[in-house]
Amino acid sequence: MTDYRIESDLLGELQVPAQAYYGVQTQRAINNFKISGQTLSQFPEFIKALGYVKKGAARTNYELGLLDEELYQYIVKACDEVVEGKFDDQFPIDMIQGGAGTSVNMNANEVIANRVLEMMGKERGDYQFCSPNDHINLSQSTNDAYPTAIKIALYNMNAILVEKLIKTIDAFRAKGVAFNDVIKMGRTQLQDAVPMTLGQEFEAYAANLEEDISKLNNNALLFVEINMGATAIGTGLNAPPMYAKRCALNLAEITGMPMVTAPNLVEATPDTGSYVIYSSAMKRLAVKMSKICNDLRLLASGPRAGFFEINLPPMQPGSSIMPGKVNPVIPEVVNQVCYKVIGNDLTVTFAAEAGQLQLNVMEPVLCHAIMESNNFMCNALDTLREKCIVGITANKEVCLNMVKNSIGIVTALNPYIGYKNSTKIAQEALETGKSVYDLVLEYQILTQEKLDAILDPANMLSPHNLL
């Protein structure tokens, strides 16, 4: 027995591994596209979405009398197995490829067809009984099946991302509660500003990220509008009347998504606007996450020559030459993930702009960029929460001493002694090293009792009536 079988297509014959469920067009993609090293197999939600699309298409074709009962049932069973992940290893093609996604669509068609043949007791590749093109791809084109699968996958991947984001927000909020009594100096432009609590700072991180939940979810809702039934360019050639709307209804039932047919299929087929706006929402989240990680690294800097207001969990030795050094490796790696997501958003922008006439052939790199960003961000959120946020502790005395010794607290005296006097006190404190407190008493500007009341940190943490 040979370890391969011979299949043929437009370009001729080609060897395909004998036990493979994929066929000749998938094999050509394997041979042609050795680009990113990231294959469909690494994106199971995408493969699951392809199974949904093919199942929805088969059901619609059956309802319209285009598939007989026996073949339809076999196709449905094969699609269900794809959705369950049983054939993830049979999607070995690179995510970045030429052909506007044809290789991805045919990979799904071939796997499902060959699984059907196996269930029928036929040989793999014996496509006269079940054809990847004539039966699995019936009433479809890559140009409607492929983007529909992308949208289903991204909708579901967004739900996973949002779930992880909520857990991260909860972790920051818990620290906000734990640090509610830790008085510290706030800073603007890296200069002393006015007092606050460390709890306020961490609660602000939670609130800042919380805004992005609705942004991600609202933008993901754009993925429910699909172009199934458009076939090649939106005219619906080779799809029967009512196919588009019926297929959307079937997919809605199968996926649990509120899927609808685009009002103009010619417009919808080359349109990539939903990808652009969703990618921008992930970029927004990445920018915020990176800023927060910058803050964590600053607040933990030191231990002797930095802020040293918080301690990050030590995760690994920080240097091959400096004994005792421990670096903030978790915020650092999340920073780098954020840079990658921001860069991927630019890729999405260029790929979307590259659409021409009735199709955008750059959808593979667009799809890869968004899915990669989603996976990276999910992993980064888990890593930051589990290996950093939950283990952060506060250096309460360090924070309080910085408040006591800060010139910034002179701001609280403005309403009582005026801006000119406050500036004089601040300048002399800076030049002499004396404290603001001592100078105010030295110049007898205020009584000690009133000064103590004004400079009580509790009176500087929120709006209040002047004493």
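Presented here is an overview of the structure given in this document. Not measured: the values here are computed from a predicted model.

### Here's the deal with the overall build of the protein chain
Then, in step 1: Per the secondary structure count, the protein chain includes 16 helices and eight strands.
Then, in step 2: Taken over C-alpha atoms, the radius of gyration comes to 30 Å for the protein chain, far larger than the 23 Å a tight globule of 467 residues would show.
Then, in step 3: Dimensions of the protein chain along its principal axes, counting C-alpha atoms only, are 100 × 55 × 35 Å.
Then, in step 4: Per-residue burial over the protein chain gives 50% buried out of 467 residues.
Then, in step 5: Residue pairs in contact within the protein chain that sit at least 24 positions apart in sequence constitute 72% of those at least 6 positions apart.
Then, in step 6: A total accessible area of about 21,600 Å² is found for the protein chain, and carbon and sulfur atoms account for 54% of it.
Then, in step 7: In the protein chain, 38 positive and 51 negative side-chain charges are present, and the distance between their average locations comes to 5 Å.

### Things to note about unusual backbone geometry
Then, in step 1: Here the bond from Gly 302 into Pro 303 is cis, since omega is 10 degrees, no more than 30 degrees from zero.
Then, in step 2: One non-glycine residue with positive phi stands out, namely Ser 139, at about 65 degrees.
Then, in step 3: Its location among the elements puts Ser 139 in the loop between helix 5 (132-136) and helix 6 (142-178).
Then, in step 4: Look at Ser 139 and you get buried, because its relative accessible area is 4%.
Then, in step 5: At Thr 231, a position not held by glycine, the phi torsion is positive, near 55 degrees.
Then, in step 6: Thr 231 sits in the buried class, given a relative accessible area of 3%.

### Considerations on the pairing of strand 2 (residues 12-17)
Then, in step 1: Two strands pair when backbone bridges link them, and strand 1 (residues 4-9) and strand 2 are joined in this way by six bridges, in the antiparallel orientation. When the sheet's bridge partners are listed, Glu 7 is paired in strand 2 with Leu 14.
Then, in step 2: Linking strand 1 to strand 2, which pair antiparallel, is a turn of two residues.

### Describing the pattern of salt bridges
Then, in step 1: Using the criterion set out here, one finds 28 salt bridges in the structure.
Then, in step 2: One salt bridge connects Asp 212 with Arg 284, and the closest N-O pair in it is separated by 2.9 Å. Taken together, the residues span a long stretch of sequence, with Asp 212 in helix 7 (residues 198-220) and Arg 284 in helix 10 (residues 273-299) at a distance of 72 residues.
Then, in step 3: Overall, the relative accessible area of 0% leaves Asp 212 in the buried class.
Then, in step 4: The exposure class assigned to Arg 284 is partly exposed, which follows from its relative accessible area of 30%.
Then, in step 5: In this structure, the salt-bridge partner of Asp 345 is Lys 283, at a minimum N-O distance of 3.5 Å. Of the two residues, Asp 345 is situated in helix 11 (residues 329-353) and Lys 283 in helix 10; the sequence distance between them amounts to 62 residues.
Then, in step 6: Ionic contacts of the salt-bridge type, sharing partners, join the residues Glu 81, Arg 115, Glu 118 and Arg 124 into one network.

### Quick word on empty space enclosed by the protein
Then, in step 1: In the structure shown here, the tally under the stated rule is one cavity of 30 Å³ or more.
Then, in step 2: In this structure, the largest cavity spans a volume of roughly 30 Å³.
Then, in step 3: Along the walls of the largest cavity sit Pro 147, Lys 151, Asn 227, Ala 268, Thr 269, Asp 271 and Glu 363, which together make up its complete lining.
Then, in step 4: Looking at side-chain class alone, the lining of the largest cavity contains two nonpolar, two polar and three charged residues.

### Overview of the pairing of strand 4 (residues 191-197)
Consecutive residues of a regular strand have side chains that alternate between opposite faces of the sheet.
Then, in step 1: The pairing of strand 3 (residues 183-188) with strand 4 spans five bridges and is classified as antiparallel. Among the inter-strand pairings, Arg 187 is bridged to a residue of strand 4, identified as Asp 192.
Then, in step 2: Counting the residues between successive antiparallel strands, the hairpin from strand 3 to strand 4 contains two residues, one of them, Gln 189, with a positive phi of roughly 55 degrees.

### Here's the deal with helix 2 (residues 44-63)
Then, in step 1: Under the 1.5 Å per step criterion, the end-to-end length of helix 2 is 29 Å for 20 residues, consistent within 8% with the ideal 28 Å.
Then, in step 2: When you tally the buried positions in helix 2, you get 16 out of 20 residues, the bulk of the element.
Then, in step 3: Two residues or fewer past helix 2, Gly 65 is found with a positive phi of approximately 80 degrees.

### Some words on the packing of helix 10 against helix 12 (residues 363-387)
Then, in step 1: Contact pair helix 10 / helix 12: the axes reach a minimum separation of 11 Å and the direction vectors enclose 30 degrees. On the basis of their axis angle, the class for helix 10 and helix 12 is roughly parallel. Classified by chirality, the crossing of helix 12 by helix 10 is left-handed. Here Tyr 275, Tyr 278, Ser 279, Met 282, Leu 285, Ala 286, Met 289, Cys 293 and Leu 296 of helix 10 lie close against helix 12, whose contacting residues are Glu 363, Leu 366, Ile 370, Ser 373, Asn 374, Met 377, Leu 381 and Leu 384.
Then, in step 2: Partitioned by chemical class, the residues of the contact of helix 10 with helix 12 number 13 nonpolar, three polar and one charged.

### Things to note about the packing of aromatic side chains
Then, in step 1: Tallied over the full model, the rule gives nine aromatic pairs.
Then, in step 2: Taking 6.1 Å as the distance between ring centres and 45 degrees as the angle between the ring planes, the aromatic pair formed by Phe 172 and Phe 202 counts as tilted. Linking Phe 172 in helix 6 with Phe 202 in helix 7, this pair joins segments that are 30 residues apart in sequence. We note that Phe 172, like Phe 202, is buried.
Then, in step 3: One aromatic cluster is present, formed by Phe 172, Phe 179, Phe 202 and Tyr 205 through successive ring pairs.
Then, in step 4: Of note, Lys 122 hangs over the ring of Phe 129, and the distance from its end group to the ring centre comes to 4.2 Å.

### Re the layout of surface pockets
Then, in step 1: Quantified by volume, the largest pocket comes out at close to 440 Å³.
Then, in step 2: As for the largest pocket, its lining consists of 23 residues, of which Ala 300, Gly 302, Val 326, Asn 327 and Pro 328 are closest to the centre.
Then, in step 3: Only strand 7 (310-311) and helix 11 provide two or more residues apiece to the lining of the largest pocket.
Then, in step 4: Top element by residues in the lining of the largest pocket is helix 11. It accounts for four residues.
Then, in step 5: Its residues assigned to classes, the lining of the largest pocket comprises 14 nonpolar, five polar and four charged.
Then, in step 6: Lining the second largest pocket we find 13 residues, and of these Asp 192, Ile 407, Gly 408, Val 410 and Ala 426 sit closest to its centre.

Parameters and conventions
- Residues numbered from 1 in each chain as written.
- Predicted model: local features only at pLDDT ≥ 70, side-chain atom pairs only at ≥ 80, totals over all residues.
- Heavy atoms only, no water.
- Helix = DSSP H or I, 4+ residues; strand = E, 2+ residues; numbered from the N terminus.
- Rg over C-alpha atoms; globule rule 2.2 N^0.38 Å.
- Buried < 20%, exposed > 50% of the residue type's maximum accessible area, 1.4 Å probe, protein only.
- Contact = heavy atoms within 4.5 Å.
- Areas by Shrake-Rupley, 256 points an atom, 1.4 Å probe, with all protein chains shown as cover.
- Lys, Arg positive; Asp, Glu negative; His and termini not counted.
- Charge placed at Lys NZ, Arg CZ, Asp CG, Glu CD.
- Pairing = 2+ DSSP bridges.
- Salt bridge = Lys/Arg side-chain N within 4 Å of Asp/Glu carboxyl O.
- 1 Å grid on protein atoms, 1.4 Å probe; cavity = no way out; pocket = protein on both sides within 12 Å on 5 of 7 lines; lining within 4 Å.
- Points joined across faces, edges and corners; volume = space filled by probe spheres on them.
- Nonpolar A, V, L, I, M, F, W, Y, C, P; charged D, E, K, R; others polar.
- Expected span 1.5 Å × (residues − 1).
- Axes fitted to C-alpha atoms, helices over the stretch in contact; angles between N-to-C directions.
- Parallel < 35°, antiparallel > 145°, perpendicular 65-115°, else oblique.
- Left-handed = near helix turned anticlockwise from the far one by under 90°.
- Phe/Tyr/Trp six-rings, centres within 6.5 Å; stacked < 30°, edge-to-face > 60°.
- Lys NZ or Arg CZ within 6 Å of the ring centre and 35° of its normal.

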